[in-house]
Amino acid sequence: MSGSIIAVAGAGFSGSVVARELAERGRRVVVFEPRAHVAGNCHTERDASTGIQVHRYGTHIFNTDRQDVWDYVNRFGKFIPFTNRVRAVTGRGTFGLPINLTTINRFFGRNFNPQQARQFVAGLGDSSIGEPANFEEQALKFIGRELYEAFFYGYTKKHWGCEPRELPASVLKRLPVRFTAEDSYYDTRYQALPQDGYTEIVRRMLDHPQIEVRLGEWFRPETKNDFERVFYTGPVDAYFAYKAGRLSYRTVRFEREEAPGDYQGNAVVNYCQPEIPYTRIHESKYLTPWEKHDCTVYFHEYSFETGPQDLPYYPKRLATDLERLACYQEYVKHESKVTFLGRLGTYRYLNMDQVIGEALDSVKNYR
Ligand code: UDP
């Protein structure tokens, strides 16, 4: 193979954006993707039995504040505005999440205005906690034990498979607490879903005469010198044959059910109680409200520790992981030909828009 070809490992958003950008600058790119489809964990497909568009690896709502990222994805297909309104089932009833004014009023049986609710919740927080050192302290400091136990403790323990105090505070900081009735899951400016699904968006990104996509093929690190450069978006520990140990991830599995009519009347319902074995139920047809379907398909989501054969989803980033990560980051420094990108390549809990933004930034000055 000629040395002027660029290899991209992985056809998720990171790899596909990099491939497209380089191809548009006249470079030849080969994309290696071990799965049988592109788009990574954002993959969407038509359910064979019901014809409903499903997010095979869990619900992904595109949302961003970055204008360049928004403009970029819109080049590859139509995005339809969509507000994700998550419902959370707790031992005290079902509420809107993130915690907002309506949630607070219903949960405590009150009728606060925003200012009163803010004062009330501040009073619930544990003011003896300084800078929160972990997820649990972040919750106790800002919302207090009652809300923490109802909405976060059980869900988080099931989802991450550890005590919330072992997790970084940054995991909880993903969710806002609002003192308005706004019940969208996200605060971002653009929130939308691709009309034809994510896989179609990524397929169009990769549809370029300068790009060759090899599905069902792993990139082999020992071939790196066959290429001018490598953009690697697979797991960083796998690249180095796990020589500093495995980084831990959670994986999720979905149990599919089908029914006539509707099941839960909403795209995502979370189950926060520890005794319920699944974390959430996704009902796919509520992710394409512009389509009509007489039946429904829904998925119970269960979380597990990632074994060698499982797909990694969520980087756990526990203390031992961070030590191992530091070793891998040292090895990365010596890989002058390889750029590591994306959730797996950098072992960070990144959203789709962050991944796309970083991919665009990483090739900005690449000639
Ligand atoms: N979380 C929770 N209860 C919920 C929803 C979220 O405890 O009902 C916690 C959980 O630890 C989760 C984190 O908040 O990992 C961040 O939630 P997010 O919705 O961002 O997770 P994702 O959609 O990426 O799985």
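Structural notes, computed from the coordinates. Please read these numbers as outputs of a predicted model, since none were measured by experiment.

Another aspect to go through is the sheet that holds strand β11 (residues 229-232). The strand order across the open sheet built from five strands is β10-β2-β1-β11-β17, with neighbouring strands paired in parallel fashion. On the outer flanks of this sheet lie β10 (211-215) and β17 (338-340), each paired with one strand and no other. Going across the sheet, the axis of each strand differs from the next one's by a mean of 15°, ignoring polarity. As defined by bridge partners, strand β1 (residues 5-9) adjoins strand β2 (residues 28-33) across five bridges and the pair is classed as parallel. Note that in β2 the partner of valine 8 across the bridge is valine 31.

Volume-wise, the second largest pocket comes out at about 280 Å³. Lining the second largest pocket are 16 residues; nearest its centre among them are Phe142, Ile143, Leu175, Pro176 and Val177. Those elements giving two or more residues to the lining of the second largest pocket turn out to be α4 (114-124), α5 (135-142) and α7 (169-173). When grouped by side-chain class, the residues that make up the lining of the second largest pocket number 13 nonpolar, one polar and two charged.

What follows is about the site of the ligand. Thr156, Arg174, Tyr185, Tyr314 and Tyr349 are the nearest of the 17 residues found near the ligand. Residue threonine 156 places a side-chain N or O atom 2.8 Å away from an oxygen atom belonging to the ligand. Taking arginine 280, its side chain carries an N or O atom lying 2.9 Å from an oxygen atom of the ligand. Taken by itself the ligand offers 520 Å² of open surface, and the protein chains cover 94% of this. The element best represented in the shell around the ligand is helix α6 (residues 144-160), accounting for six residues. Residues belonging to the shell around the ligand are distributed by class as follows: 12 nonpolar, three polar and two charged.

Here the focus is the nonpolar core. The biggest cluster of nonpolar side chains holds 81 residues, and the ones touching the most others in it are Phe13, Phe62, Phe151 and Ile356. Ranked by the residues each element gives to this core, the list is headed by α6, at seven residues. When residues no more than four places from it in sequence are discounted, the contact partners of isoleucine 356 are Phe13, Val17, Phe62, Val69, Tyr72 and Val73. Counting residues in hydrophobic clusters, the runner-up holds 21 residues, among them Phe219, Phe227, Val236 and Leu344.

Enumeration over the complete set of coordinates arrives at 36 aromatic pairs. Centre to centre, the rings of tryptophan 160 and tyrosine 349 are 5.7 Å apart; their planes meet at 65°, and the pair counts as edge-to-face. Here tryptophan 160 is found in helix α6, whereas its partner tyrosine 349 is found in the loop between α11 (342-346) and α12 (352-363), with 189 residues between them in sequence. For tryptophan 160, a relative accessible area of 4% corresponds to the buried category. The ring centre of phenylalanine 107 lies 3.9 Å from the NZ or CZ of arginine 92, which sits over that ring. Over the ring of phenylalanine 231 we find arginine 229; its NZ or CZ atom is 6.0 Å from the centre of that ring.

Reading the values: rules and limits
- Residues numbered from 1 in each chain as written.
- Predicted model: local features only at pLDDT ≥ 70, side-chain atom pairs only at ≥ 80, totals over all residues.
- Heavy atoms only, no water.
- Pairing = 2+ DSSP bridges.
- Helix = DSSP H or I, 4+ residues; strand = E, 2+ residues; numbered from the N terminus.
- Axes fitted to C-alpha atoms, helices over the stretch in contact; angles between N-to-C directions.
- 1 Å grid on protein atoms, 1.4 Å probe; cavity = no way out; pocket = protein on both sides within 12 Å on 5 of 7 lines; lining within 4 Å.
- Points joined across faces, edges and corners; volume = space filled by probe spheres on them.
- Nonpolar A, V, L, I, M, F, W, Y, C, P; charged D, E, K, R; others polar.
- Near = heavy atom within 4 Å.
- Polar contact = N/O pair within 3.5 Å; in protein donor to acceptor, adjacent residues only side chain to side chain.
- Areas by Shrake-Rupley, 256 points an atom, 1.4 Å probe, with all protein chains shown as cover.
- Core = buried A, V, L, I, M, F, W, Y, C linked by side-chain atoms within 4.5 Å.
- Buried < 20%, exposed > 50% of the residue type's maximum accessible area, 1.4 Å probe, protein only.
- Contact = heavy atoms within 4.5 Å.
- Phe/Tyr/Trp six-rings, centres within 6.5 Å; stacked < 30°, edge-to-face > 60°.
- Lys NZ or Arg CZ within 6 Å of the ring centre and 35° of its normal.

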